[in-house]
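# Topology and contacts: notes
Below are the chains, spelled out letter by letter.
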Amino acid sequence: MPTTTTAPRAARLLVLLAALGTLLFAGAPQAAAHASLTGSSPADGEVVATAPETVVLTFSERVTLSGDKALRVLDPAGGRVDTGEITDLSADGTVRHGVALAGGLADGTYTVAWQAVSADSHPIAGAFTFSVGAPSETSVRLSGRQPGGGAVGLLYETARFPAYAGFVLLVGGVAFTLLCRPGAGAARAGGRLALAGWTALTGATLALVLLRGPYTGVGLRDAIDTKTGTALLSRLLLLAAAALFLAVLYGGGARERRGGRGLPGYALPVAGALLAVGLAATWALSEHASTGQWTQVAVPADVIHLLAAGAWLGGLATLLTLLFRFPEQVSRAVVRRFSLLAFWSVVALAVTGIFQAWRQVGDADALLSTRYGQLLIVKVALVVLILAAAWISRRWTARLAEATGHRDADPPAEGDPPPEPAAVPSAPGREGGENPVRRAQLARQRAAVRQTRRRRDRDADAERSGLRRSVLAEAAIAALILAVTTALTGSTPARTEAAAATASTPEPISVQLPYDTGGPHGQGTALLDITPGGTGDNVLHLRLTDPEGLPNGAEEVRISLTLPAEDLGPLRYEPTHVDVGHWVADDLRLPRPGDWELSLTLRTSEIDQTTETTTVTVG
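Residues numbered from 1 in each chain as written. Predicted model: local features only at pLDDT ≥ 70, side-chain atom pairs only at ≥ 80, totals over all residues. Heavy atoms only, no water.

This part covers the environment of Glu606. Checked against the element boundaries, Glu606 lands in the loop between strand 17 (594-603) and strand 18 (609-618). Using a relative accessible area of 69% as the deciding quantity, one classes Glu606 as exposed. Along the chain, Glu606 and Gly519 lie 87 residues apart, while their C-alpha atoms are 10.0 Å from each other. (Helix = DSSP H or I, 4+ residues; strand = E, 2+ residues; numbered from the N terminus. Buried < 20%, exposed > 50% of the residue type's maximum accessible area, 1.4 Å probe, protein only.)

Right, dumping it as structure tokens:
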């Protein structure tokens, strides 16, 4: 049987779980960028004969480049050689941005540094080099700090948790008040939670606006001009309207409605629904749902998902508060109304969640191998747990006593005062106006008696006590679900991460070349392995074997590579002999993708020599 200290303990437990959820999210690895650089012209490490007029970057999805440091080209001494004019060159679904270069660039190695904001609000940055004429030494030293990292990134990502929690409490408290039609005590509980949610959401949104500039590495004005900045400002405007809505719903407007005056019966629910949809849209239009495939369906699905989560989890918090502070208001009818609301919310969450999971994950491999997929598994497990707790709550609801007095009927009307307990007897002649200290003391005693009686009556009700414990378990799991959801929305979608990994990981190149130098021990097979097999730096391993498969020797080994399509090369290398029949070239650089002609020259004696040629494809 719960004791009189159950409510404070429950409150402390929920605060602890919320704090643990925040720490769980804050302590997780920083979210990886959701867009990536997929190519450039000139390419990373490329050596071009003449200076290009424009440097072009290609991205995997839409990005925003704004600010003075968005796209810079630096000469070997660190001076800028770009004009600062960034042009959007996107076409046919390919996202490209370019910056014009000043004329008369000298030979040497140039550094391209860029930073952008991906379409789902996360900052990305990087750098690469290319050379004009021939590579040279460069004095450019770029900061290794990525935008979105450090203390600012931690504060920004952590502030997203109270934003989600505030939205849930705001929507859930209002939905419970309007749809479950509780009495005066329940209206106070819903109003307090809705106000707490509004406060948390407003404070978190203001923090996100102020942190947006440092988080993305640009000025505040540039940060506000982005899609996410606009969404945050729109959220603040909607919250201002929501403040007026709450004042009407829980303030003087509520008393007018009880008196038969004021707004029509449908006006407040419609206004609340419009505000809730608008607030949910500020997330859906600026985060994962707004990028990738099927965005026309994903955005409204995300709005429905957020509204369903708010109605269910926020309503759950309201019910929990009601069970602790006003248990006499929790009739079977009220719980059944909330159960119906929760049921359809869960249905909406399941349908939209499955769609979003298919859209963002793709396949089972991505589900198991990516952080997004792993967090999604944890969230699904927690949802299963909360549904199990909800089933137990439903069992306790069924056990509520049949209609006998106020326990089974609907709660009193919103304006009806609760029955007043018997007053504490006062000493004769001691309560008059001449003794305000004694009068205040007696008032405190009466309040303590009322509180004690309420707790005693509450704890003596086995059905409501059991329901209170099961709802408390649901609320605890809900706090963890919110924390995991916040981390999930800050992670790279599994489909995007898997595609980027596939695109950025070239296939190693392996070829076999039979050779015959014409002299003794001059026959065999040359095995060449080039890793990683893409543009840029590579390592080449050469192994020679005789016809029996044993290591074979050679007095001299030379390799050259030519790219005929671009008249590049030959690039010549002399591998280092490391073992019998084994040579390594660890400085093999392939500046451009394409079909390269590889020539292998072997000399096994003073006069016995051959050159074998093959084609290798570099992605």
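With that settled, the discussion passes to the side chain of Asn552. Relative to the assigned elements, Asn552 resides in the loop between strand 12 (536-545) and strand 13 (556-563). What makes Asn552 buried here is its relative accessible area of 9%. Leaving out residues up to four positions away in the same chain, Asn552 has contacts with Tyr515, His521, Gln523, Leu544, Thr545, Asp546, Gly581 and Trp583. (Contact = heavy atoms within 4.5 Å.)

Now for the side chain of Arg603. Along the chain, Arg603 turns up in strand 17. Of note is the side chain of Arg603, whose polar atom sits 2.9 Å from the side chain of Glu556. A distance of 3.1 Å separates a polar side-chain atom of Arg603 from the backbone oxygen of Ser605. Sequence-distant contacts of Arg603, defined by excluding residues within four places in its chain, comprise Ala554, Glu555, Glu556, Asp608 and Gln609. (Polar contact = N/O pair within 3.5 Å; in protein donor to acceptor, adjacent residues only side chain to side chain.)

Tallying each qualifying case throughout the model produces six salt bridges. Here Glu556 and Arg558 are joined by a salt bridge, their closest N and O atoms 2.7 Å apart. Look at Arg558 and you get partly exposed, because its relative accessible area is 29%. Between Glu556 and Arg603 there is a salt bridge, with its nearest N and O atoms 2.9 Å apart. With Glu556 in strand 13 and Arg603 in strand 17, the pair connects residues that are 47 residues apart, well separated along the chain. By relative accessible area, which is 25% here, Glu556 ends up partly exposed. Looking at Arg603, the relative accessible area reads 17%, which means it is buried. Connected through salt bridges with shared partners, the residues Glu555, Glu556, Arg558 and Arg603 form a single ionic network. (Salt bridge = Lys/Arg side-chain N within 4 Å of Asp/Glu carboxyl O.)

Looking now at the confidence of the model for the chain. Across the chain, pLDDT averages 76, with 74% of residues at or above 70. A low-confidence stretch, residues 1-33 stays under pLDDT 50, and its non-local contacts, those more than four residues away or across chains, total 54 contacts. Below pLDDT 50 for its whole length, residues 401-433 participates in 54 contacts with residues either more than four positions away or in separate chains. (pLDDT = per-residue confidence, 0-100.)

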